[in-house]
Amino acid sequence: MQYQTTTDEIGKVFTKLTVINRADQILTENGIIPPEQVRSITLENVLVDTGATTLCLPADVIAKLGLKLLKEVNVATAVGIGRARIFEDAKISLCDREGTFECLELPGSSDALLGVIPLEALGLEPDLRNQRLKVLPDETTDTYWTIL
C-alpha cells in the first residue's frame, strides 16, 4: 500500500505525521488527566531522512508536547560533532502505523525529520522514485517483522 506524500522537491520524500506525548496518554489511561489534556501536534511536510538516525523535532515542538529530557549526546552533523538533547515518549502516527520513540532536539526552527529507526520499526520505506512512503506488509508471510 502506498501513502500520498508531498513532492515539493525532486528525490525527496515528505510526509505528514502526528506526534503525541505518550506520558500524557498513560496518565489518561490511569484516570489522572482527561483525554483533552493529552498534548499532540500534527506536522506537515516532515522530511523522510535516511541520513538521520531517529525522529528529530524542533525545540518549539518538543516544548509544546512537554516531552521529558532523557539525556544529552554527541551527534555527527554536516558541520562536525555537536551536542544534542534526546527526549523520550514521542508517540508518532503515520500511514496507519504507530510507535513510541526517543527524539532528538533540532536547533532553532529547523523542520522535523523522520529517521531510519522509526521507519524500520513501523515497516515504512521511502520510495524515492515515486516520492512516497511504502508501507511494508505485516500480515502475510512477506512480513517486515523478523527474528533471525
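Residues numbered from 1 in each chain as written. Predicted model: local features only at pLDDT ≥ 70, side-chain atom pairs only at ≥ 80, totals over all residues. Heavy atoms only, no water.

### Brief notes about the side chain of Gln25
In plain terms, the rule: The secondary structure listing takes helices from DSSP runs of H or I that are at least 4 residues long and strands from runs of E that are at least 2 residues long, numbered from the N terminus. Per-residue accessibility, obtained with a 1.4 Å probe over protein chains only, is compared with the maximum for each type, and a residue is labelled buried under 20%, exposed over 50%, and partly exposed between these values. By definition in these notes, contact holds between two residues if any of their heavy atoms fall within 4.5 Å.
Counting through the fold element by element, Gln25 comes out in helix α1 (residues 22–29). A residue is classified by how much of its surface remains accessible, and Gln25, at 18% relative accessible area, is buried. Ignoring anything within four residues of it in the chain, the contact list for Gln25 reads Ile20, Val38 and Lys91.

### Some thoughts on the confidence of the model for the chain
We count it as follows: On a scale of 0 to 100, pLDDT captures the predictor's confidence in every residue.
The predicted model of the chain has a mean per-residue pLDDT of 88, with 86% of residues at 70 or higher. Within the chain, strand β1 (residues 2–3) has the poorest average pLDDT of any element, 52, and α1 the best, 97.

### Comments concerning the nonpolar core
Here is the rule: Buried Ala, Val, Leu, Ile, Met, Phe, Trp, Tyr and Cys residues that are joined via side-chain atoms within 4.5 Å together make up what is termed a nonpolar core.
Core analysis: the biggest nonpolar cluster contains 27 residues, and Val19, Leu43, Leu57, Ile92 and Leu94 have the highest contact counts within it. Listed by contribution, the elements that provide at least two residues to this core are β2 (14–21), β3 (40–48), β4 (55–58), α2 (59–65), β6 (80–94), β7 (97–106), α3 (116–122) and β10 (132–135). Leu94 has contacts with Thr15, Lys16, Leu17, Leu114, Leu122, Leu124 and Leu133, leaving out every residue within four places of it along the chain. One finds Val75, Ile86, Leu104 and Leu106 within the second-largest nonpolar core, a separate group that totals ten residues.

### A short note on unusual backbone geometry
If a residue is not glycine, its phi is most likely negative; likewise, a peptide bond is most likely trans. Unusually for a residue other than glycine, Cys95 sits at a positive phi of about 50°. For Cys95, the location among the structural elements is in the loop between β6 and β7.

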